[in-house]
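# Architecture at a glance
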Amino acid sequence: NAGVTQTPKFQVLKTGQSMTLQCAQDMNHNSMYWYRQDPGMGLRLIYYSASEGTTDKGEVPNGYNVSRLNKREFSLRLESAAPSQTSVYFCASTEGGLNTEAFFGQGTRLTVV
Amino acid sequence: AQSVTQPDIHITVSEGASLELRCNYSYGATPYLFWYVQSPGQGLQLLLKYFSGDTLVQGIKGFEAEFKRSQSSFNLRKPSVHWSDAAEYFCAVGPYNQGGKLIFGQGTELSVKP
(Lines give C-alpha, C1' and ligand atoms only; values in the text may rest on other atoms or scores of the structure.)
Protein backbone atom coordinates (compact mmCIF):
# COMPACT_ATOMS: atom_id res chain seq x y z
CA ASN A 1 0.00 0.00 0.00
CA ALA A 2 1.66 3.21 -1.19
CA GLY A 3 -0.77 5.59 0.54
CA VAL A 4 0.44 9.18 0.06
CA THR A 5 3.57 9.59 -2.04
CA GLN A 6 5.59 12.79 -2.21
CA THR A 7 8.37 13.68 -4.63
CA PRO A 8 11.10 14.70 -4.31
CA LYS A 9 12.24 13.72 -0.82
CA PHE A 10 15.00 16.32 -0.70
CA GLN A 11 15.62 19.51 -2.66
CA VAL A 12 18.00 22.43 -2.50
CA LEU A 13 17.01 25.62 -4.30
CA LYS A 14 18.64 28.96 -4.80
CA THR A 15 16.72 32.06 -3.82
CA GLY A 16 14.41 33.06 -6.66
CA GLN A 17 14.20 29.63 -8.26
CA SER A 18 10.89 27.92 -8.75
CA MET A 19 9.84 24.35 -8.19
CA THR A 20 6.82 22.12 -7.80
CA LEU A 21 6.34 19.55 -5.07
CA GLN A 22 4.29 16.59 -6.17
CA CYS A 23 1.84 14.57 -4.12
CA ALA A 24 -0.25 11.59 -5.13
CA GLN A 25 -2.57 9.34 -3.14
CA ASP A 26 -3.94 5.95 -4.13
CA MET A 27 -6.70 5.67 -1.51
CA ASN A 28 -9.41 7.32 -3.60
CA HIS A 29 -9.58 10.14 -1.08
CA ASN A 30 -11.55 13.26 -1.83
CA SER A 31 -9.59 15.84 0.19
CA MET A 32 -5.91 16.70 0.08
CA TYR A 33 -3.71 19.09 2.07
CA TRP A 34 -0.29 20.69 2.12
CA TYR A 35 1.45 21.47 5.41
CA ARG A 36 4.82 22.84 6.33
CA GLN A 37 6.70 21.82 9.46
CA ASP A 38 9.13 24.15 11.17
CA PRO A 39 10.99 23.53 14.44
CA GLY A 40 8.97 24.52 17.49
CA MET A 41 5.90 25.37 15.41
CA GLY A 42 4.31 22.04 14.66
CA LEU A 43 2.66 21.73 11.26
CA ARG A 44 0.82 24.60 9.63
CA LEU A 45 -1.69 24.29 6.81
CA ILE A 46 -0.67 25.99 3.57
CA TYR A 47 -3.49 25.05 1.17
CA TYR A 48 -6.09 22.36 0.91
CA SER A 49 -8.46 20.88 -1.62
CA ALA A 50 -11.73 19.64 -0.17
CA SER A 51 -12.65 17.94 -3.42
CA GLU A 52 -11.45 17.67 -7.00
CA GLY A 53 -11.69 21.06 -8.67
CA THR A 54 -11.56 23.15 -5.49
CA THR A 55 -8.70 24.68 -3.55
CA ASP A 56 -8.62 26.97 -0.52
CA LYS A 57 -6.04 28.84 1.49
CA GLY A 58 -4.91 27.61 4.83
CA GLU A 59 -3.03 29.41 7.57
CA VAL A 60 0.18 30.25 5.66
CA PRO A 61 -0.54 30.48 1.90
CA ASN A 62 1.69 33.40 0.94
CA GLY A 63 4.38 32.50 -1.58
CA TYR A 64 2.68 29.27 -2.67
CA ASN A 65 0.26 28.09 -5.30
CA VAL A 66 -1.48 24.75 -5.65
CA SER A 67 -3.10 22.67 -8.34
CA ARG A 68 -5.50 19.79 -7.85
CA LEU A 69 -4.60 18.05 -11.06
CA ASN A 70 -7.11 15.23 -10.62
CA LYS A 71 -8.53 13.25 -7.75
CA ARG A 72 -5.18 11.57 -7.06
CA GLU A 73 -2.74 14.44 -7.37
CA PHE A 74 -2.23 17.75 -5.57
CA SER A 75 0.87 19.81 -6.31
CA LEU A 76 2.44 22.72 -4.45
CA ARG A 77 4.39 25.35 -6.38
CA LEU A 78 6.93 27.86 -5.16
CA GLU A 79 7.21 30.50 -7.88
CA SER A 80 10.17 32.37 -6.40
CA ALA A 81 11.70 30.55 -3.49
CA ALA A 82 12.86 32.46 -0.42
CA PRO A 83 15.02 31.30 2.52
CA SER A 84 11.93 31.61 4.75
CA GLN A 85 10.43 28.73 2.78
CA THR A 86 13.12 26.35 4.00
CA SER A 87 11.01 23.71 5.71
CA VAL A 88 9.74 20.17 5.61
CA TYR A 89 6.59 19.90 3.53
CA PHE A 90 3.96 17.27 4.12
CA CYS A 91 1.08 16.27 1.94
CA ALA A 92 -1.96 14.58 3.49
CA SER A 93 -5.27 13.20 2.34
CA THR A 94 -8.61 12.29 3.87
CA GLU A 95 -11.63 10.44 2.65
CA GLY A 96 -13.66 13.54 3.37
CA GLY A 97 -16.98 13.78 5.12
CA LEU A 98 -17.50 13.15 8.80
CA ASN A 99 -15.05 11.74 11.29
CA THR A 100 -12.26 10.90 8.88
CA GLU A 101 -8.60 11.23 9.68
CA ALA A 102 -5.62 12.41 7.66
CA PHE A 103 -2.97 10.16 6.16
CA PHE A 104 0.41 11.79 5.66
CA GLY A 105 3.21 11.36 3.16
CA GLN A 106 6.86 10.99 4.15
CA GLY A 107 7.66 14.64 3.58
CA THR A 108 9.89 16.75 1.33
CA ARG A 109 12.82 18.50 2.97
CA LEU A 110 13.41 21.77 1.11
CA THR A 111 16.35 24.06 1.66
CA VAL A 112 16.49 27.49 0.02
CA VAL A 113 19.95 29.08 0.01
CA ALA B 1 -8.34 32.24 18.46
CA GLN B 2 -8.03 28.57 17.70
CA SER B 3 -4.88 26.98 19.03
CA VAL B 4 -3.30 23.89 20.50
CA THR B 5 -0.70 24.05 23.25
CA GLN B 6 1.68 21.29 24.22
CA PRO B 7 3.45 22.73 27.27
CA ASP B 8 6.32 20.25 27.29
CA ILE B 9 8.82 20.62 24.46
CA HIS B 10 10.96 17.68 25.57
CA ILE B 11 10.31 14.87 28.03
CA THR B 12 12.65 12.09 29.12
CA VAL B 13 11.32 8.97 30.80
CA SER B 14 12.88 5.69 31.79
CA GLU B 15 11.92 2.57 29.93
CA GLY B 16 9.04 0.89 31.73
CA ALA B 17 7.89 4.10 33.39
CA SER B 18 4.50 5.63 32.76
CA LEU B 19 4.04 8.58 30.42
CA GLU B 20 1.66 11.49 30.17
CA LEU B 21 1.90 14.11 27.42
CA ARG B 22 -0.18 17.21 27.92
CA CYS B 23 -2.36 18.95 25.35
CA ASN B 24 -4.67 21.93 25.77
CA TYR B 25 -6.77 23.39 23.01
CA SER B 26 -8.83 26.43 22.23
CA TYR B 27 -11.46 25.82 19.56
CA GLY B 28 -14.72 27.58 18.79
CA ALA B 29 -16.73 24.57 17.66
CA THR B 30 -16.98 21.00 18.85
CA PRO B 31 -13.42 19.76 18.63
CA TYR B 32 -12.25 16.72 16.74
CA LEU B 33 -9.02 15.76 18.50
CA PHE B 34 -6.03 13.74 17.41
CA TRP B 35 -2.65 12.53 18.55
CA TYR B 36 -0.03 11.81 15.91
CA VAL B 37 3.48 10.38 16.29
CA GLN B 38 6.45 11.20 14.09
CA SER B 39 9.62 9.12 14.07
CA PRO B 40 12.80 10.84 12.82
CA GLY B 41 12.69 11.48 9.09
CA GLN B 42 9.22 10.01 8.78
CA GLY B 43 5.71 11.22 8.19
CA LEU B 44 3.00 11.36 10.82
CA GLN B 45 1.14 8.30 12.03
CA LEU B 46 -2.22 8.54 13.75
CA LEU B 47 -2.21 7.19 17.32
CA LEU B 48 -5.84 7.92 18.22
CA LYS B 49 -8.72 10.31 17.67
CA TYR B 50 -11.75 11.59 19.57
CA PHE B 51 -14.94 13.23 18.48
CA SER B 52 -17.68 12.07 20.78
CA GLY B 53 -18.69 9.28 23.11
CA ASP B 54 -16.51 7.73 25.79
CA THR B 55 -14.01 10.36 26.86
CA LEU B 56 -11.25 7.77 27.30
CA VAL B 57 -10.08 6.56 23.91
CA GLN B 58 -7.71 3.75 23.11
CA GLY B 59 -5.20 3.94 20.32
CA ILE B 60 -2.45 1.94 18.73
CA LYS B 61 0.78 0.89 20.42
CA GLY B 62 -0.84 0.84 23.88
CA PHE B 63 -1.59 4.57 24.00
CA GLU B 64 -4.75 6.12 25.38
CA ALA B 65 -6.02 9.67 25.76
CA GLU B 66 -8.65 11.30 27.93
CA PHE B 67 -10.82 14.18 26.78
CA LYS B 68 -11.74 16.64 29.51
CA ARG B 69 -14.07 19.31 28.18
CA SER B 70 -14.01 21.38 31.38
CA GLN B 71 -10.22 21.66 31.17
CA SER B 72 -10.01 21.84 27.36
CA SER B 73 -7.46 19.07 27.54
CA PHE B 74 -6.70 15.88 25.66
CA ASN B 75 -3.73 14.28 27.40
CA LEU B 76 -1.97 11.23 26.03
CA ARG B 77 -0.92 8.41 28.33
CA LYS B 78 0.90 5.11 28.27
CA PRO B 79 1.34 2.86 31.33
CA SER B 80 4.76 1.50 30.39
CA VAL B 81 7.05 3.15 27.86
CA HIS B 82 9.22 1.15 25.47
CA TRP B 83 12.46 2.37 23.90
CA SER B 84 10.73 2.31 20.50
CA ASP B 85 8.30 5.00 21.70
CA ALA B 86 11.04 7.64 21.40
CA ALA B 87 9.66 10.07 18.82
CA GLU B 88 7.90 13.39 18.51
CA TYR B 89 4.24 13.56 19.43
CA PHE B 90 1.75 16.05 18.08
CA CYS B 91 -1.68 16.93 19.37
CA ALA B 92 -4.09 18.41 16.80
CA VAL B 93 -7.63 19.73 16.61
CA GLY B 94 -9.91 20.18 13.62
CA PRO B 95 -13.48 20.32 12.40
CA TYR B 96 -15.38 17.02 12.44
CA ASN B 97 -16.34 17.39 8.79
CA GLN B 98 -12.83 18.16 7.50
CA GLY B 99 -10.48 15.84 9.30
CA GLY B 100 -7.36 17.02 7.49
CA LYS B 101 -7.78 20.73 8.17
CA LEU B 102 -5.86 20.58 11.41
CA ILE B 103 -4.33 22.95 13.92
CA PHE B 104 -1.27 21.34 15.45
CA GLY B 105 0.51 21.86 18.70
CA GLN B 106 4.20 22.56 18.77
CA GLY B 107 5.04 18.94 19.47
CA THR B 108 6.64 17.09 22.39
CA GLU B 109 9.84 15.19 21.83
CA LEU B 110 10.02 12.03 23.90
CA SER B 111 13.35 10.47 24.85
CA VAL B 112 13.48 7.08 26.56
CA LYS B 113 16.31 6.15 28.94
CA PRO B 114 17.33 2.49 29.13
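You'll find the structure just up there.
Residues numbered from 1 in each chain as written. Chains lettered and ligands numbered in written order. Predicted model: local features only at pLDDT ≥ 70, side-chain atom pairs only at ≥ 80, totals over all residues. Heavy atoms only, no water.

Okay, the interface of chain B and chain A next. Of the residues lining the interface, 22 residues belong to chain B; the matching set on chain A comes to 22 residues. Interface area, chain B with chain A, both sides summed: about 1800 Å², of which 50% is carbon and sulfur. Inspection of the chain B/chain A interface yields one salt bridge. A salt bridge links A:Glu101 to B:Lys49; the shortest N-O distance between them is 2.8 Å. Remark: the boundary between chain B and chain A carries eight residue pairs in polar contact (both at pLDDT 80 or more). Per-element accounting of the side of chain B that touches chain A gives the leading share, four residues, to strand β5 (residues 32-38) of chain B. (Contact = heavy atoms within 4.5 Å. Buried area = accessible area lost by both parts, 1.4 Å probe. Salt bridge = Lys/Arg side-chain N within 4 Å of Asp/Glu carboxyl O. Polar contact = N/O pair within 3.5 Å; in protein donor to acceptor, adjacent residues only side chain to side chain. Helix = DSSP H or I, 4+ residues; strand = E, 2+ residues; numbered from the N terminus.)

Residue and element names in this part refer to chain A. One open sheet holds the four strands; their spatial order is β1-β3-β8-β7, and the pairing between them is antiparallel. Of all strands in the sheet, those with a lone pairing partner are β1 (4-7) and β7 (65-68), marking the two edges. Strand-to-strand twist across the sheet, computed as the mean angle between neighbouring axes with direction ignored, equals 15°. One ladder, built from three bridges, connects strand β3 (residues 19-25) with strand β8 (residues 74-78); its direction is antiparallel. Opposite leucine 21, over in β8, you have leucine 76 as the bridge partner. (Pairing = 2+ DSSP bridges. Axes fitted to C-alpha atoms, helices over the stretch in contact; angles between N-to-C directions.)

Time to look at the pattern of salt bridges. Counted by the stated rule, this structure contains eight salt bridges over all chains. One salt bridge connects B:Arg77 with B:Glu64, and the closest N-O pair in it is separated by 3.3 Å. Separated by 13 residues along the polypeptide, B:Arg77 in strand β9 (residues 73-78) and B:Glu64 in strand β8 (residues 64-68) bring together distant segments of the chain. Here the salt bridges share partners, and the residues they tie into one network are A:Arg36, A:Asp38 and A:Arg44.

Here the focus is the packing of aromatic side chains. By the definition in use, this model includes 15 aromatic pairs over all chains. Aromatic pair B:Tyr25 and B:Phe67: ring centres 6.2 Å apart, planes at 20°, arrangement stacked. With B:Tyr25 in strand β4 (residues 24-26) and B:Phe67 in strand β8, this pair connects stretches of sequence that are 42 residues apart. Given the relative accessible area of 10%, B:Tyr25 is considered buried. Classification of B:Phe67 as buried rests on a relative accessible area of 5%. An aromatic cluster is built from A:Tyr35, A:Phe104, B:Tyr32, B:Phe34, B:Tyr36, B:Phe51, B:Phe90 and B:Phe104, whose rings are joined through pairwise contacts. (Phe/Tyr/Trp six-rings, centres within 6.5 Å; stacked < 30°, edge-to-face > 60°. Buried < 20%, exposed > 50% of the residue type's maximum accessible area, 1.4 Å probe, protein only.)

What follows covers the pairing of β5(B). Residues and elements named next belong to chain B. Among the seven residues in β5, seven count as buried, and that is most of the element. Side-chain alternation along β5 places Tyr32, Phe34, Tyr36 and Gln38 on one buried face and Leu33, Trp35 and Val37 on a second face that is also buried. Looking at chain direction, β5 and strand β10 (residues 87-94) are connected through seven bridges and run antiparallel. Note that in β10 the partner of tyrosine 32 across the bridge is glycine 94. In the sheet, β5 pairs with strand β6 (residues 44-50) via six bridges, with the strands oriented antiparallel. Bridge pairing in β6 places glutamine 38 opposite leucine 44. Where β5 folds back onto β6 in an antiparallel hairpin, the turn is made up of five residues, including glycine 41, whose phi is positive at roughly 75°.

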